[in-house]
Amino acid sequence: MELTEKRNLSKKINRVAGVHLDDARLNLTYLAVAFIVLLIGGFLGLFQGLNRAGLMELPSWFDYYQTLTAHGVLLILVFTTLFTVGYFYASLSHTLGGLLPKVRKMGWIAFGMMIVGVAFVATTIVMGDASVLYTFYPPMQASPWFYIGLVFVVLGIWIAAFGAFINVANWRKNHRGKHIPLLAFFATGVFVLLFFGSLGVTVEVLMLIPWAFGWTETVNVMLSRTLFWSFGHTLVNIWYLTAVSAWYVVVPKVIGGKLFSDGLTRLVVILLVILNIPGGFHHQIIDPGITETWKFIHVFMSLSIAFPSLMTAFAMFAVFERTGRKKGAKGLLGWFKKLPWGDVRFLAPFIAMVAFIFGGAGGIAQTNNQLNQVVHNTLWVTGHFHITVGVTVVLTFFGIAYWLIPHLSKRELTPQMNRLGIYQTIIWTVGMIFMSGSMHWVGLLGSPRRTSFSTYGDNATALSWDPYLFLLAIGGTLLIIAVILMFYIAFNLMFFAPKGETEFPIGEEEENAMSTPKWTERWGLWIVMLLAIVAMGYVVPLMEIIVNAPPGSPPFRTW
Amino acid sequence: MKMHRAEEIWLIVGVAILVLSMVFTGYQAFAQGMAPPSNTETLDPQKVDEHPLFSEPGVFEIGENEYEVVLTLQAFSFTPNEIEIPAGSEVHFTLTSRDVVHGFQVAGTNINAMVTPGYIQRISQKFDEPGEYLVLCNEYCGAGHQLMATTITVK
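Residues numbered from 1 in each chain as written. Chains lettered and ligands numbered in written order. Predicted model: local features only at pLDDT ≥ 70, side-chain atom pairs only at ≥ 80, totals over all residues.

Undergrad: Quick question: what am I supposed to make of the pairing of strand β10 (residues 149-154) of chain B here?
TA: Regular strands place their side chains on alternate faces of the sheet. All names here are of chain B. Judged from the four bridges that link them, strand β4 (residues 82-85) and β10 form a sheet pairing that is parallel. Its bridge partner being in β10, Ile-85 is matched across the sheet by Val-154. Pairing of strand β9 (residues 131-136) with β10, which is carried by six bridges, proceeds in the antiparallel orientation. The partner of Tyr-133 across the bridge, within β10, is Ile-152. (Pairing = 2+ DSSP bridges. Helix = DSSP H or I, 4+ residues; strand = E, 2+ residues; numbered from the N terminus.)

What follows is the structure in structure tokens.
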């Protein structure tokens, strides 16, 4: 009796201390494919940048809009989703003592579904049957198999989400009265958002499939756009919440500090989960069919997301200052010098945070109706999400990869790889400053997004944009160097770095930390509140769009 | 769970700025009539030519220094293609699409509106400075999207 207990205990210790090998295989697969997708998507981005600057003509068998569709789908949908699932499944495995066997199986099925879906989507794009961009606004109509591919991707996401819920619920059952570990709390929030956020777009795609097969004749254009953005905007915040999880939980440990506050961190997660979904309307500020009043109400809904981000900004710098002072820093800003600038696991997410100051400010400006009208659908917007997603999120993901991949592959991040990582981070940052900076500026001047090289018949206004577009191409070129470096680093850490143990850094609480209130664990209540906010934001506008709908639109294939 | 005093001040100032930006936006939108284009009139997207407004697109003088420009957008052009107006006039654009979603943007002005099939979109602008203004479609609409442009000549 005692012996089996002892054995069970040692098993548990092993699980907590080391990596669970079966789980690691799953999560490494997610990450490996994510970085392959990054490489392909990166090259597609380079081709666009060069074309946009007038430096490169794309072949007719794979034109600018095919390139753009593939770049968007691969990086915005596939890379981020694969990384997010891989990272959070690894986090669940690490903090909850391993994945349940059935959850691991669900992880593999989810992976398979996503790959099948991406194969459908990629094939239709390459064949030229789906040059509809990743937003696929009807009445442009892609091949039905494009939409069916999307359904597979969404099903994969749902399976992964429910796997996570099962694992978390199981842990809670076995640890009554305890708070779930902070990283698992973040994972729960992200998967809740992934599930509820994707419901709208699923309804849209299920309406588009019979239309694409020709079984229905017309489609409601505005309804489709609105359902799409109920998902599109949530997705942005899902990546952001994923990045933020590493800022709160991992970065403090990496710099030798402690968590800011367990309770306030959970409050930020809860707020981001509840407030997120109605933000989608700010993508439709100059659309017809939605009244001025509703657009204004949605300014409030969008801006409310800034509140938890303000909390995060405070928390991050508070942790940096506390840690620096504990290490003996003096004066008002002396703590700044005590931060581990030579450690890429810190440098990459730090730059990501700084980028969010600019990205967040730009986002707040864009959310306000009249200001949005100035920049809507210009390159400003492309610049905006390359700084938010491309730096804030992706640089944090890279920062995670430097320890997560060797942790899973039982290898080590060598000083040489760390140095290469620092170079990678700097090249990426400089590339993005060039690219995103020139996009913002030329967008203010009126240069449109999602448009291949054009002088509009040598129009003087359009010609005056060219110098900025050239800077954009320089940025894109630097970025592809950084992408190749990152790809090399990721696969080196997976297969070739020296064998060893790498820590999964999880920050601990301060010794005198306040206890976290029990109510933070009431996920049922948070989901009800999420649905209530969605209902407040969407029910009336959707009803107006449906009830006052014009006759539907027949399909068009304009490419 | 208590917040640090400094965090409270930070959040209060932050929220105050957000509220202020909303007040400005609301004031401009509802008191000054600067709200973004949000017209809710509809039409049958397959019968644009039969619609009384769009059967004859063109530039119409509707008052002293006031013009209405009725435009249809289609892959990959604007109808009419030639728009000329005197400097100092107030111009009301009435827009719809014959096919897919288009964008109506005039570089150097705040004119920016989505033109979706089935809806009549409206946006107004006063043109004070003479010159040639570039009009372009800023929503991807197909293989020739980058060619979809025209100009407004203000004399």
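Next comes the rest of the description.
Undergrad: What is the right way to look at the environment of Gly-431 of chain A in this model?
TA: Residues and elements named next belong to chain A. Counting through the fold element by element, Gly-431 comes out in helix α14 (residues 415-445). Taking the C-beta count within 10 Å as the criterion, Gly-431 has 24 such neighbours and is therefore assigned buried. In this structure the C-alpha to C-alpha distance between Gly-431 and Leu-478, which are 47 residues apart in sequence, comes to 4.9 Å. Setting aside its immediate chain neighbours within four residues, Gly-431 contacts Gly-475, Leu-478, Leu-479 and Ala-482. (Buried ≥ 20, exposed ≤ 12 C-beta atoms within 10 Å, placed from the backbone. Contact = placed C-beta atoms within 7 Å.)

Undergrad: Explain unusual backbone geometry here, please?
TA: Negative phi values dominate among residues other than glycine, just as trans dominates among peptide bonds. Residue Pro-139 of chain A is bonded to the preceding Pro-138 of chain A through a cis peptide linkage, with omega at 10 degrees. A cis geometry characterises the amide bond from Thr-79 of chain B onward to Pro-80 of chain B, with omega recorded as 0 degrees. Relative to the elements of secondary structure, Pro-80 of chain B occurs in the loop between β3 (77-79) and β4. Positive phi is not limited to glycine here, since Leu-133 of chain A has a value of about 65 degrees. Here Leu-133 of chain A shows up in the loop between α4 (101-126) and α5 (144-174). One non-glycine residue, Tyr-456 of chain A, lies in the positive phi region at around 50 degrees. Within the fold, Tyr-456 of chain A resides in the loop between α14 and α15 (460-463).

Undergrad: Looking at this model, I keep getting lost on the sheet that holds β4 of chain B. Mind explaining?
TA: The strands making up a sheet associate through backbone hydrogen bonding, with each pair oriented either parallel or antiparallel. Residues and elements named next belong to chain B. Across the sheet, five strands lie side by side as β4-β10-β9-β6-β7; this open sheet has mixed pairing. The open sheet terminates on both sides in strands that have one partner only, identified here as β4 and β7 (112-115). Pairwise comparison of adjacent strand axes, ignoring direction, gives a mean angle of 20 degrees for this sheet. (Axes fitted to C-alpha atoms, helices over the stretch in contact; angles between N-to-C directions.)

Undergrad: Please explain the nonpolar core as it appears in this structure.
TA: Note that soluble globular proteins tend to have their nonpolar side chains buried in a common cluster. Residues and elements named next belong to chain A. With 220 residues, the main nonpolar core has Ala-34, Phe-79, Ala-187, Val-190, Val-273, Ala-352 and Ala-401 as its most contacted residues. Per-element tally for this core: the top contributor is helix α7 (residues 221-254), with 21 residues. Residues in contact with Ala-187, not counting those within four places in the same chain, are Phe-88, Ser-91, Leu-92 and Ala-164. (Core = buried A, V, L, I, M, F, W, Y, C linked by C-beta atoms within 7 Å.)

Undergrad: Would you mind going over the pairing of strand β1 (residues 58-63) of chain B with me for this structure?
TA: Residue and element names in this part refer to chain B. Burial runs low along β1: only zero of the six residues are buried. Sheet topology note: the β1/strand β2 (residues 66-74) ladder contains five bridges and is antiparallel. Note that in β2 the partner of Gly-63 across the bridge is Glu-66. Adjacent in sequence and paired antiparallel, β1 and β2 are bridged by two residues, among which Asn-65 carries a positive phi angle near 55 degrees.

Undergrad: Even after reading the chapter, I still don't get the packing of helix α11 (residues 344-367) of chain A against helix α13 (residues 379-409) of chain A, so can you show me in this structure?
TA: Helix-helix packing is characterised by the crossing angle of the two axes and by the distance between the axes. Residues and elements named next belong to chain A. Between α11 and α13, the least distance of the axes is 8 Å, while the angle of their chain directions is 160 degrees. The angle between α11 and α13 places the two elements in the roughly antiparallel class. Read as a crossing pair, α11 and α13 show a hand that is left-handed. Of the residues assigned to the contact of α11 with α13, the class counts are 14 nonpolar, nine polar and one charged. (Parallel < 35°, antiparallel > 145°, perpendicular 65-115°, else oblique. Left-handed = near helix turned anticlockwise from the far one by under 90°. Nonpolar A, V, L, I, M, F, W, Y, C, P; charged D, E, K, R; others polar.)

Undergrad: Quick question: what am I supposed to make of the interface of chain A and chain B here?
TA: It is common to report an interface's size as the accessible area lost on association of the parts. Chain A puts 58 residues into the contact, and the matching count from chain B is 55 residues. For the side of chain A that touches chain B, the secondary structure elements donating two or more residues are α7, α8 (262-275), α9 (292-303), α10 (306-326), α12 (369-375) and α15 of chain A. Ranked by residues supplied to the side of chain A that touches chain B, first place goes to α9 of chain A with six residues. Residues of the side of chain A that touches chain B, tallied by class, amount to 34 nonpolar, 20 polar and four charged.

Undergrad: Whenever I open this one, helix α2 (residues 21-52) of chain A confuses me. Can you help?
TA: Turn by turn, an α-helix covers 3.6 residues, leaving residues three or four places apart pointing in a common direction. Between its terminal C-alpha atoms α2 of chain A stretches 46 Å, which fits the 46 Å expected from 32 residues at 1.5 Å a residue. Looking one or two places after α2 of chain A, you find Gly-54 of chain A, whose phi comes out positive at around 80 degrees. (Expected span 1.5 Å × (residues − 1).)

Undergrad: I keep staring at the packing of helix α6 (residues 182-212) of chain A against α7 of chain A and nothing clicks. Help me out?
TA: All names here are of chain A. The N-to-C vectors of α6 and α7 enclose an angle of 165 degrees; their axes lie 8 Å apart at closest approach. The angle between α6 and α7 places the two elements in the roughly antiparallel class. Two packed elements cross with a definite hand, and for α6 against α7 that hand is left-handed. In terms of residue class, the contact of α6 with α7 is built from 17 nonpolar, nine polar and one charged.

Undergrad: Looking at this structure, I do not really get the environment of Phe-296 of chain A. What am I missing?
TA: Note on placement: Phe-296 of chain A falls in helix α9. Remark: the alpha-carbon pair of Phe-296 of chain A and Ile-285 of chain A, spanning 11 residues in sequence, is separated by 9.1 Å. Apart from the residues lying within four places of it in its own chain, the contact partners of Phe-296 of chain A are Asn-369 of chain A together with Gly-26 and Ala-29 of chain B.

Undergrad: Please clarify how α9 of chain A should be interpreted in this entry.
TA: The first and last C-alpha atoms of α9 of chain A sit 17 Å apart over 12 residues, in line with the 16 Å expected at 1.5 Å per residue. Looking at the packing, one finds that the buried side of α9 of chain A touches α10, α11, α12 and α17 (523-547) of chain A together with α1 (5-31) of chain B.

Undergrad: Just checking my understanding: could you explain the environment of Phe-398 of chain A for this structure?
TA: Residues and elements named next belong to chain A. Tracing the sequence through the fold places Phe-398 in helix α13. Each C-alpha atom, one on Phe-398 and one on Arg-345, is 8.4 Å from the other, the two residues being 53 residues apart in sequence. In this structure Phe-398 touches Ala-348 and Met-486, once residues within four positions along its chain are discounted.

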